[in-house]
Amino acid sequence: MTRAFGSSSSDAGSPGHVDEPDTRTPRAFLAWMVRQQGGLFWFGLFVAVIWMVPQTLGPWIVGRAIDTGIVAGDQGETTRWLVVLGVVTVGGALSGVFFHTVIVREWLIALYGTTQLVTRKALQLGHVLTRRTPTGEVLSVSGSDGDQFGALMEITTRAVSQLLAYLVVAGIVLSTSVRMGLLVLVSAPLLVLLGAPLLRPMQRWQGVERSRNSELTSMATDIVAGLRILRGIGGEETFGGNYAGQSQGVRRAGVMGGRWLAAVESVGVLLSGGFVVALLWLGTREVAVGRLTVGELVSFLGYGLFLVQPMRTFVEFAQKWTRSVVSARKAVAVYEQRSPWRDPVDPKHLRSDAAVVDEASGVHVAPGRLTMVVSSVPDDSAALADRLGRYLSGDQDPLVSAELPEGLKGRAARAARAEREAARAAQAASDEQRASEPWGVTVGGVDLSDVPLDEVRRHIFVSDTAPQVFKGTLREAVDPHDRLTREQAERALFTAAADDVFDALPGGWQGELDERGRGLSGGQRQRLVLMRALAVDPEVLVLVEPTSAVDAHTEARIAERLGPHRAGRTTVVMTASPLLLHHADEVALMVDGREVDRGRHAELLARSEAYRSVVVRGEVAASAAAPPADEGAAGGSDPTSGPSTGPSTGPSTGQLETETAHWTAVTGAEATR
């Protein structure tokens, strides 16, 4: 990669970064992308011009060979011109190979640079991005739109070089025959004028195809994310039918766009062929009256065939420019999003031994203790976790997509686009206002809004109910920054009761996880995420329903081990599980978003009807569930995958000892057992 898509020097959530895209308009964004190619674009253009030189000189050389060699009967002159033609041809072939290499590099920089921009934007905004932009739109920008931008870089370089070649050839022909030169000069503008009316409907249908494809991508991500639930309720056929219907909609839009594309190309082929015929007819008449020699006529015919290529390239450029403008409009909707977080003017710092207080709920978390929060409404406890970690609440207005309804066009489309842009701007302004106000969560009396966001993230770690598991080794999933010794990693594995996760992967710590942890059951994924959270070992750890997908036996082991593992550190658990609550140092009961009671689990069971109504109900529901959520083998992502073989008793001593060498080689820790 060149500086084309320079990486940010700031961490997630920080506003400052380099090479910020120009998101004023789609065309300004495309111009920014060309500028970001830097010297590579100009070097590619230089190589392209060299590549075009032999093609412009070839017909002239052939004409000279005919007039001065063949017609004159001079074999030496003929041979000399043939040698020159051979040298030029070989040079053109070599420069063509080099040119292809350069433009492929331009294409890849634009393609993967777009993915890099999307990734950087996702890291900067974090959960804010999903509040503002549908997932399918983000994925489409990173995938199909990035490919369109790469194609635009390639065709732009080729079109500019061929435009220069076209002007050179027109000058050569004009200096030889004014009438034939004018024919050459008029052909390209005529092609543009006749093809322009077809570009607008082509652009519209390509935009429709892009919108439908974005919606299809969103639908696919939703189906994949909820596949286990769909299988549980028998909704696979319904959602599969919806996906098939949307897929056919994409196909129909693509066919309509293809028809207009074919019409544009047909105009190009028709005019190019007509140009060659007209050039041949006019050239023959010029030879008949003695204004042209035979060699010059052959040269003109060669130039006529050569100029077909630039004219076809101009048509191709118009097509790809149209598609790129459509893609750029979608990309701008993603890249223009700004982080709502701003660093405080007078930053303060958090203490590790201070109490955490949430003003909205009145919940007080004592330092160094295991505090659990029970709520009659699970969304209230989830909102509390968001506030503790300084995340914007999930409560918001519906997402405002940048995609327009298919039936809108002209003035109505412009009005709808302006309305959506205003709604998105209002949503961003609302987030910025909330982020700039006092947060209402204090640590030792210091409000989180007065602390740099990076420090908040290091101090308070929130593990929610929808974490991600990425493809890679188990060690990378647990310790992506290579900070743990093997003993520390095994301690986290033991506390999370994730022994069966270790056993399920051939290779143990070096075993490969599938994307999203598909090879693991729901309970195994949840314990893997818990193990990862414990491995971070933050000053304040907030866990949201960390055992909702595990069986009672495994949950009891986690509950017994969590307190000792986090001894001396502040831990907050949002749960209604009696097995976990039994081991809490303190339990806070929330009703309607406010703390109404506090005490030990047994005390609250004895005196609080509201507490019993939540906890006992959850206990009855859990005991009535069959089979448990965590049953099934390691590959049991399907809830119908068969009976449980019982909880794992942990990795064998021999297997763990075998893993010692692997872990020690990576972390450099002393391999002791």
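Conventions adopted
- Residues numbered from 1 in each chain as written.
- Predicted model: local features only at pLDDT ≥ 70, side-chain atom pairs only at ≥ 80, totals over all residues.
- Heavy atoms only, no water.
- UniProt positions renumbered as here; feature names shortened; annotations may be inferred.
- Helix = DSSP H or I, 4+ residues; strand = E, 2+ residues; numbered from the N terminus.
- Buried < 20%, exposed > 50% of the residue type's maximum accessible area, 1.4 Å probe, protein only.
- Contact = heavy atoms within 4.5 Å.
- Areas by Shrake-Rupley, 256 points an atom, 1.4 Å probe, with all protein chains shown as cover.
- Patch = residues over 30% accessible without salt bridge, like charges linked within 9 Å, V, L, I, M, F, W, Y side chains within 5 Å.
- Salt bridge = Lys/Arg side-chain N within 4 Å of Asp/Glu carboxyl O.
- Lys, Arg positive; Asp, Glu negative; His and termini not counted.
- Charge placed at Lys NZ, Arg CZ, Asp CG, Glu CD.
- Pairing = 2+ DSSP bridges.
- Axes fitted to C-alpha atoms, helices over the stretch in contact; angles between N-to-C directions.
- Core = buried A, V, L, I, M, F, W, Y, C linked by side-chain atoms within 4.5 Å.
- Domains from an automatic or database assignment.
- Parallel < 35°, antiparallel > 145°, perpendicular 65-115°, else oblique.
- Nonpolar A, V, L, I, M, F, W, Y, C, P; charged D, E, K, R; others polar.
- pLDDT = per-residue confidence, 0-100.
- Phe/Tyr/Trp six-rings, centres within 6.5 Å; stacked < 30°, edge-to-face > 60°.

- An unreviewed UniProt entry lists the protein under the name ABC-type multidrug transport system fused ATPase/permease subunit, with Terracoccus luteus given as the organism.
- The UniProt entry for the protein carries the following text under Subcellular location (unreviewed entry): "Cell membrane".

**Concerning the overall build of the protein**
- When you go through the protein residue by residue, the secondary structure sums to 21 helices and twelve strands.
- Sorting the 673 residues of the protein into buried and exposed places 47% on the buried side.
- Taking the intrachain contacts of the protein between residues at least 6 apart in sequence as the baseline, contacts between residues at least 24 apart amount to 79%.
- Of the roughly 31,200 Å² that the protein leaves accessible, carbon and sulfur atoms contribute 60%.

**Description of a negative patch on the surface**
- A contiguous patch of negative charge on the surface is contributed by E476, E512, D514 and E515.
- Inspection of the secondary structure assignment puts E515 in the loop between strand 8 (512-513) and helix 16 (522-536).
- For E515, a relative accessible area of 33% gives the class partly exposed.

**Here's the deal with the sheet that holds strand 4 (residues 441-443)**
- If you trace the four strands from one edge of the open sheet to the other, you get 2-1-4-5, paired in antiparallel fashion. Only two strands of the sheet have a single neighbouring strand rather than two, namely strand 2 (364-365) and strand 5 (446-447).
- With two bridges joining them, strand 1 (residues 356-358) and strand 2 adopt antiparallel strand pairing. From the neighbouring strand, V357 faces strand 2, where its bridge partner is H364.
- Its contacts with the sheet put helix 10 (residues 378-388) on strand 1 and strand 4, and the angle it makes with strand 1 is roughly 125°.

**Structural notes on the nonpolar core**
- Ranked by size, the top nonpolar core spans 51 residues in total, and within it F29, V542 and M574 carry the most contacts.
- Each of two domains, domain 1 (18-177 + 316-338) and domain 3 (356-393 + 416-621), supplies a minimum of three residues to this core.
- With 42 residues, the next largest nonpolar core counts M372, L474, L493 and M531 among its residues.

**A short note on the sheet that holds strand 10 (residues 570-574)**
- Pairing is mixed across the open sheet formed by six strands, whose spatial order is 6-9-10-3-11-12. With partners counted over all chains shown, the strands left at the sheet margins are strand 6 (460-463) and strand 12 (594-599), one partner each. Averaged over neighbouring strand pairs, the angle between their axes works out to 20° when direction is ignored.
- Pairing geometry for strand 3 (residues 370-375) and strand 11 (residues 586-591), over five bridges, is parallel. Its bridge partner being in strand 11, V374 is matched across the sheet by L589.
- Helix-sheet contacts for helix 10 involve strand 3, strand 6, strand 9 (540-544), strand 10 and strand 11, and the interaxial angle to strand 10 is about 150°.

**A word on a nonpolar patch on the surface**
- Residues L174, V178, L182, L185, V186, L190 and L194 make up a contiguous nonpolar surface patch of about 560 Å² in total accessible area.
- The element that contributes the greatest number of residues to the nonpolar patch is helix 6 (residues 178-225), accounting for six residues.
- Tracing the backbone shows L174 in helix 5 (residues 135-176).
- Classification of L174 by relative accessible area gives partly exposed; the value is 31%.

**Structural notes on the pattern of salt bridges**
- Within this structure, the stated rule accounts for 19 salt bridges.
- Its salt-bridge partner being E20, residue K121 comes within 3.9 Å of it at the nearest N-O pair. You can see K121 sitting in helix 3 (residues 75-125) and its partner E20 sitting in the segment before helix 1 (26-36), a full 101 residues away along the chain.
- The class of K121 is buried, set by a relative accessible area of 5%.
- E487 is the partner of R486 in a salt bridge, and the nearest nitrogen-oxygen pair spans 3.2 Å.
- Counted as one network, the salt bridges with shared partners bring together D537, E539, R566 and R569.

**Details of the environment of L174**
- For the pair L174 and L185, spaced eleven residues apart in the sequence, the C-alpha separation amounts to 8.8 Å.
- Beyond its immediate sequence surroundings of up to four residues, L174 is in contact with G181, L182 and L185.

**Here we look at helix 14 (residues 486-495)**
- Along helix 14, the residues that are buried comprise R486, A489, E490, A492, L493 and T495.
- Looking one or two residues beyond helix 14, the residue adopting positive phi is A497, at roughly 50°.

**Concerning the pairing of strand 10**
- Burial analysis of strand 10 places five of its five residues in the buried class, the great majority of the element.
- Side chains T570, V572 and M574 project from strand 10 onto one buried face, and the interleaved T571 and V573 project onto a second face that is buried too.
- Relative to strand 10, strand 3 is paired through four bridges, and the arrangement is parallel. In the sheet register, L370 faces strand 10, and the bridge partner there is T571.

**A few points about the side chain of E106**
- Inspection of the secondary structure assignment puts E106 in helix 3.
- The buried charged residue E106 lacks any salt bridge partner; its closest oppositely charged side chain belongs to R105, at an N-O distance of 8.7 Å.
- Setting aside its immediate chain neighbours within four residues, E106 contacts Q37, L40, F41, G44, M153 and T157.

**What about the environment of A382?**
- Along the chain, the position of A382 falls in helix 10.
- A relative accessible area of 30% means that A382 is categorised as partly exposed.
- It is 8.9 Å that separates the C-alpha atoms of A382 and T465, two residues lying 83 residues apart in sequence.

**Observations concerning the packing of helix 1 against helix 9 (residues 294-335)**
- Interaxial distance between helix 1 and helix 9 falls to 8 Å at its minimum, and their mutual angle equals 95°. One element, helix 1, and the other, helix 9, form an angle in the roughly perpendicular class. Residue-level inspection shows P26, R27, F29 and L30 of helix 1 in contact with helix 9, the latter providing W321, S324, V325, A328, R329, A331, V332 and Y335.
- Taken together, the residues of the contact of helix 1 with helix 9 sort by class into nine nonpolar, one polar and two charged.

**A look at the confidence of the model for the protein**
- Here the protein shows a mean pLDDT of 77. Residues at 70 or above account for 81%.
- Low pLDDT, under 50, characterises residues 1-18; the stretch is placed with 54 contacts to residues that sit more than four places away or in other chains.
- Low confidence marks residues 620-673, where pLDDT is under 50. Its contacts with residues over four positions away, or in another chain, come to 86 contacts.

**Quick notes on the packing of aromatic side chains**
- With the rule as written, the count across this model stands at nine aromatic pairs.
- Geometrically, the ring pair formed by F41 and W42 is edge-to-face, given 5.4 Å between the ring centres and 80° between the ring planes.
- Classification of W42 by relative accessible area gives exposed; the value is 58%.
- The interplanar angle of 15° and the centroid separation of 4.8 Å between the aromatic rings of W51 and F99 together place this pair among those described as stacked. Placement of W51 in helix 2 (residues 39-70) and of F99 in helix 3 is noted, with a sequence separation of 48 residues between them. F99 shares its class with W51; the two are buried.
- Cluster of aromatic residues (ring-pair linked, three or more members): F29, W32, F149 and Y335.

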